[in-house]
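# Fold and geometry: a report
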2 protein chains.
Amino acid sequence: MRIALLGAGTVASGVVRVLQRNQDELCRRAGRGIEVVAVAARNAAKARQALGEGLPMHADFLALATREDVDIVVELMGGLEPARELVLAAIRAGKHVVTANKALLAHHGNEIFAAAQSHGVVVAFEAAVAGGIPIIKAVREGLAANRIEWVAGIINGTTNFILSSMREQGLDFASALAKAQQLGYAEADPGFDIDGVDAAHKITLLCAMAFGVPVQFQRAHVQGIRDLDGADIRYAEQLGYRIKLLGLTRRSQQGIELRVHPTLIPSARLMANVEGAMNAVMVQGDAVGPTLFYGKGAGAEATASSVIADLVDITRLHTADPEHRVPHLAFQPGALADTPILPMSQVRTSYYLRIHVRDEAGVLAEITRILAEQGMSIDALLQRPSGENDQHTDVILLTHETLEWRMDEALARIQALDSVLAPVVRLRKEELR
Amino acid sequence: MRIALLGAGTVASGVVRVLQRNQDELCRRAGRGIEVVAVAARNAAKARQALGEGLPMHADFLALATREDVDIVVELMGGLEPARELVLAAIRAGKHVVTANKALLAHHGNEIFAAAQSHGVVVAFEAAVAGGIPIIKAVREGLAANRIEWVAGIINGTTNFILSSMREQGLDFASALAKAQQLGYAEADPGFDIDGVDAAHKITLLCAMAFGVPVQFQRAHVQGIRDLDGADIRYAEQLGYRIKLLGLTRRSQQGIELRVHPTLIPSARLMANVEGAMNAVMVQGDAVGPTLFYGKGAGAEATASSVIADLVDITRLHTADPEHRVPHLAFQPGALADTPILPMSQVRTSYYLRIHVRDEAGVLAEITRILAEQGMSIDALLQRPSGENDQHTDVILLTHETLEWRMDEALARIQALDSVLAPVVRLRKEELR
């Protein structure tokens, strides 16, 4: 198979290196050789430095993406444009496409998969979610028997590294971010990671595949960890929980939940013990029960592992007639459902609250009365002196499940109390069972 | 697709139930319906009770396995014969086969896969290893880019349940086994499970797929947990380890290790925290690094999840030409390697030793001198009073890595010391990184 790479960055260098190093074994697996025949790069000199001298470099991305002698186009540029345009051009030229670009698929997946369908080619994207973990294949094929109930993932290594550092070393967010940047786990512009956007791209794709609905990134609720206070990590730990940035999608009777936010998880769960830059995804199926898939979520070779797995898949199966292939989004393209994605106000979950109050008689009674009036019950409560001022105290609460809009109402009332001295911290809690 | 079931036990009932319950969603995934058209059962009345009234029951297994209107034969009988004969007959009649029978494939896999190859049909066996976890697909496809370095699995739920009970509740082996039997986690005749044979069947299949070698169950080293003493579980815990029955296969310069035995694993590893009847498999690839796959290893519906995933795979891809399918054992049938499976004496690992000695001056010096002379170094040492007799003491040692034959020699010398009062307990230790 003749491969063209679009892009010559870290992942591209991993793909070239692993293809070369393992070429004998890959040929024994795939039945024929897989060869990179050309690379499109903006800066040929830099690209040669990253990928080696032997590969022909091109400046015209579009020409390479549609070149006659290329069987599979591997898009590793990232970003929306010109990646979208090039992928669509490759599809129209009858090329199979492999991409690691979650942003592209989260925004334009429906258009791209429809184009692939009508041109009889495959668009494979194992590398777009959870790096080296074969989670796309697991959801699309390995767990195909199941009515999937929910998928929950630690699918952004940067934020998981930051959260681990905050907990293990007691760092505040800014220091933990600086450390992650220093060690190469966070980019100079970390916004996509720490604001949850990257995780939202990925859980959006898993949502479509788990429930057979179109890709709907614009409906995702997205909250990152930028404002997370170390105090809440410590209080959560005292209550038996760890805080993870979780991408979560769940089927309920009213519709589908699709959300990314910092989440308390019971410390004893395997999921809570996924530390550093590692990723893990849990899938709950009605037949299989809980499953967990763990591995590196980023890095040149881990991502290359998934890119090349897609290349091997296409190589093994490229003669299959287009009507009999594994569908891109796990469900047959004509069989997608119109189950709605729920607005966050309709989501049902349990909560962690930290309320900074004046330490005086009756405050706790007022808070618990408001919660009771809103129909919420309390699962656990801590009261802790606030560091700065001995007239102030932190009230930390875990609630049982309730609807988000009820919590919004309760928090508006609590926030309005005279004795409440700072914005209430509200985090969500998931038992993952 | 028209399915015939051979066997009407627990797994068959799970397959029928999940196919019925999820038929709409399965059709949306697979592109066409999957229907059980007939069941072969020795006792039709019992089978009707398990599977429902609606299904035609047959007593002639061979006739059903080769019946013209059947597309896929699902073998759920277990055991070697007549399962082997029936599977081969189905293959010769041009049927695809799905099986959960690890014993059959561990013993006769090479013959069965060769027959499938020459008749252009698929033999799928996701359910044969680790129940509902899609580990076959992960090794064969999802991690296909990697030169796999090792695979290690907790792949027998019965023994893991027993080991968890022994550790958590301080039970001895016999009581933990009785409890497992009472709760349905162990069979009345538990030999295959507790003696490690079932785990060895499974790791043998993973070995073939990871390294591209034939199935070689007869070369596996197999040791179960029947003789495991609760004291060693407690000492291991004091040293920071948990004991798991691990199936392990590893590539070394000399050949391939293939072994099942109780194994100390560092307590902090996710793998050490897989408790109860759950399964988990780690795969270490050169590109992806460490990965872990976790889920239920047994049970009617978890196993059905894998059986039906295979049915969906075949349904989706059944028009593929036989030369372009995913190979049964991950590597193309003509491309298997003759890398030898190493005898246990050539395996390199580290050890836990418990030596019951007379508590007198110089004993420890003698033991450590023998280990040093055999070229072994000590990683950790505990000395603990032995419960029964205050003249006796337990010396517990962790060693660094060495070759098994060296340890055999050292233990023969230690065992011969006058002050050593009981057979030395020797367990193996793996860091899994």
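None of these values were measured; they are calculated from a predicted model.

### Considerations on the overall build of chain A
A count of helices and strands for chain A gives 15 helices and 17 strands. Taken over C-alpha atoms, the radius of gyration comes to 24 Å for chain A, in line with the 22 Å a tight globule of 433 residues would show. Counting only C-alpha atoms and orienting by the principal axes, one finds that chain A spans roughly 80 × 45 × 35 Å. Counting only residues that meet the buried cut, chain A has 61% of its 433 residues in that class. Total accessible area computed for chain A in this model is approximately 15,500 Å², and 48% of it derives from carbon and sulfur atoms. Charge centroids of chain A, computed over 43 positive and 50 negative side chains, lie 4 Å from each other.

### Some thoughts on helix H13 (residues 300-317) of chain B
With 18 residues, H13 of chain B ought to run about 26 Å at 1.5 Å a step, and its terminal C-alpha atoms sit 26 Å apart, in line with that. Taking burial as the measure, the 18 residues of H13 of chain B include 18 buried ones, the bulk of the element.

### Things to note about the confidence of the model for chain A
Scored by pLDDT, chain A has a mean of 95; 100% of the residues are at 70 or more. Per the prediction output, this complex has pTM 0.97; the corresponding ipTM is 0.96.

### Notes on the domain arrangement of chain A
All names here are of chain A. If you check the domain split of chain A, you get domain 1 (2-124), domain 2 (135-297) and domain 3 (346-429). Of note, the centres of domain 1 and domain 2, computed from C-alpha atoms alone, are 28 Å apart. Listed per partner, the contact involves six residues of domain 1 and seven residues of domain 2. Area buried by domain 1 at its contact with domain 2 is led by Lys102, Ala106 and Asn110, which between them contribute 65% of it. Viewed at the interface, domain 2 and domain 1 are joined by zero salt bridges.

### A word on the interface of chain B and chain A
If you look at the interface, chain B gives 69 residues, while chain A gives 69 residues. Both sides together, the interface formed by chain B and chain A hides about 5,300 Å², and carbon and sulfur atoms give 55% of it. In terms of surface lost to chain A, no three residues of chain B exceed Arg28, Arg29 and Arg316 of chain B, which account for 15% of the buried area on that side. Linking chain B to chain A there are eight salt bridges. A salt bridge links glutamate 141 of chain B to lysine 137 of chain A; the nearest nitrogen and oxygen atoms lie 2.7 Å apart. On inspection of chain B and its partner chain A, the count reaches 36 residue pairs in polar contact (both at pLDDT 80 or more). Contributions of two or more residues to the side of chain B that touches chain A are made by helix H1 (10-21), helix H2 (23-30), helix H7 (135-142), helix H11 (197-211), strand S12 (289-296) and H13 of chain B. Here the side of chain B that touches chain A takes 11 residues from H13 of chain B, the largest share from any one element. Residues of the side of chain B that touches chain A, tallied by class, amount to 37 nonpolar, 16 polar and 16 charged.

### Some remarks on the environment of isoleucine 370 of chain B
Residue and element names in this part refer to chain B. Along the chain, isoleucine 370 turns up in helix H14 (residues 363-373). Since its relative accessible area comes to 2%, isoleucine 370 is described here as buried. When the C-alpha atoms of isoleucine 370 and phenylalanine 173 are compared, they prove to be 32 Å apart, with 197 residues separating the residues in sequence. When near neighbours in sequence (up to four residues on either side) are disregarded, isoleucine 370 contacts Ala410, Arg413, Ile414 and Leu417.

### Let's talk about the packing of helix H8 (residues 157-169) of chain A against helix H12 (residues 230-238) of chain A
All names here are of chain A. H12 packs onto H8 with a crossing angle of 70° between their chain directions and a minimal axis gap of 10 Å. Put simply, H8 runs roughly perpendicular to H12. Contacts from Leu163, Met166 and Arg167 of H8 reach H12 at Gly230, Ile233 and Glu237. Here the residues of the contact of H8 with H12 are counted per class, giving three nonpolar, one polar and two charged.

### Here's the deal with unusual backbone geometry
Backbone geometry follows two general trends: most residues other than glycine have a negative phi, and most peptide bonds adopt the trans configuration. With an omega dihedral of 5°, the bond running from glutamate 81 of chain A to proline 82 of chain A counts as a cis peptide bond. The residue alanine 130 of chain B is not glycine, and still its phi comes out positive at about 60°. Tracing the chain through its elements places alanine 130 of chain B in the loop between strand S6 (123-124) and H7. Overall, alanine 130 of chain B belongs to the buried group, its relative accessible area being 0%. Residues other than glycine seldom take positive phi values, yet alanine 330 of chain B does so here, at roughly 80°. Tracing the backbone shows alanine 330 of chain B in the loop between H13 and strand S13 (348-358).

### Some details on the pattern of salt bridges
A complete count under the given rule lists 74 salt bridges over all chains for this structure. Note that aspartate 69 of chain B is salt-bridged to arginine 67 of chain B, the shortest N-O span being 2.8 Å. Taking the relative accessible area as the measure of exposure, arginine 67 of chain B reaches 26% and is therefore partly exposed. Overlapping salt bridges bring together Lys137, Arg140, Glu141 and Asp313 of chain A together with Lys137, Arg140, Glu141 and Asp313 of chain B as one network.

### Quick look at the relation of the copies chain B and chain A
When chain B is brought onto chain A, the operation consists of a screw motion whose angular component is 180° and whose axial shift is 0.0 Å, with 0.0 Å RMSD remaining. Expressed as a symmetry operation, the mapping of one chain copy onto the other fits a two-fold axis. Here 100% of the contact residues of chain B are again contact residues in chain A; the copies associate through an equivalent surface.

### Examining the pairing of strand S14 (residues 378-385) of chain B
Residues and elements named next belong to chain B. Looking at chain direction, S14 and strand S15 (residues 392-399) are connected through seven bridges and run antiparallel. Each bridged residue has a counterpart across the sheet, and for leucine 381 the counterpart in S15 is leucine 397. If you look at the hairpin formed by S14 and S15, you'll find six residues sitting between the two strands.

### A look at the packing of helix H7 (residues 135-142) of chain A against H13 of chain B
Viewed as axis vectors pointing N to C, H7 of chain A and H13 of chain B meet at an angle of 85°, and their least axial separation amounts to 10 Å. Taken together, the axis directions place H7 of chain A and H13 of chain B in an arrangement best described as roughly perpendicular. Taken together, the residues of H13 of chain B that come into contact with H7 of chain A (itself represented by Arg140, Glu141 and Gly142 of chain A) are Ser305, Ala309, Asp313 and Arg316 of chain B. Partitioning the contact of H7 of chain A with H13 of chain B into residue classes produces one nonpolar, two polar and four charged.

### A few points about the nonpolar core
Soluble, globular proteins show a tendency: their nonpolar side chains are buried together. Of all hydrophobic cores here, the largest spans 183 residues; its most connected members are Ile135 and Leu206 of chain A together with Ile135 and Leu206 of chain B. Other than its neighbours up to four places away in sequence, leucine 206 of chain B contacts Val129, Ile135, Ile136, Val139, Val151 and Val281 of chain B.

What counts and what doesn't
Residues numbered from 1 in each chain as written. Chains lettered and ligands numbered in written order. Predicted model: local features only at pLDDT ≥ 70, side-chain atom pairs only at ≥ 80, totals over all residues. Heavy atoms only, no water. Helix = DSSP H or I, 4+ residues; strand = E, 2+ residues; numbered from the N terminus. Rg over C-alpha atoms; globule rule 2.2 N^0.38 Å. Buried < 20%, exposed > 50% of the residue type's maximum accessible area, 1.4 Å probe, protein only. Areas by Shrake-Rupley, 256 points an atom, 1.4 Å probe, with all protein chains shown as cover. Lys, Arg positive; Asp, Glu negative; His and termini not counted. Charge placed at Lys NZ, Arg CZ, Asp CG, Glu CD. Expected span 1.5 Å × (residues − 1). pLDDT = per-residue confidence, 0-100. Domains from an automatic or database assignment. Contact = heavy atoms within 4.5 Å. Buried area = accessible area lost by both parts, 1.4 Å probe. Salt bridge = Lys/Arg side-chain N within 4 Å of Asp/Glu carboxyl O. Polar contact = N/O pair within 3.5 Å; in protein donor to acceptor, adjacent residues only side chain to side chain. Nonpolar A, V, L, I, M, F, W, Y, C, P; charged D, E, K, R; others polar. Axes fitted to C-alpha atoms, helices over the stretch in contact; angles between N-to-C directions. Parallel < 35°, antiparallel > 145°, perpendicular 65-115°, else oblique. Least-squares fit on C-alpha atoms with pLDDT ≥ 70 in both. Pairing = 2+ DSSP bridges. Core = buried A, V, L, I, M, F, W, Y, C linked by side-chain atoms within 4.5 Å.

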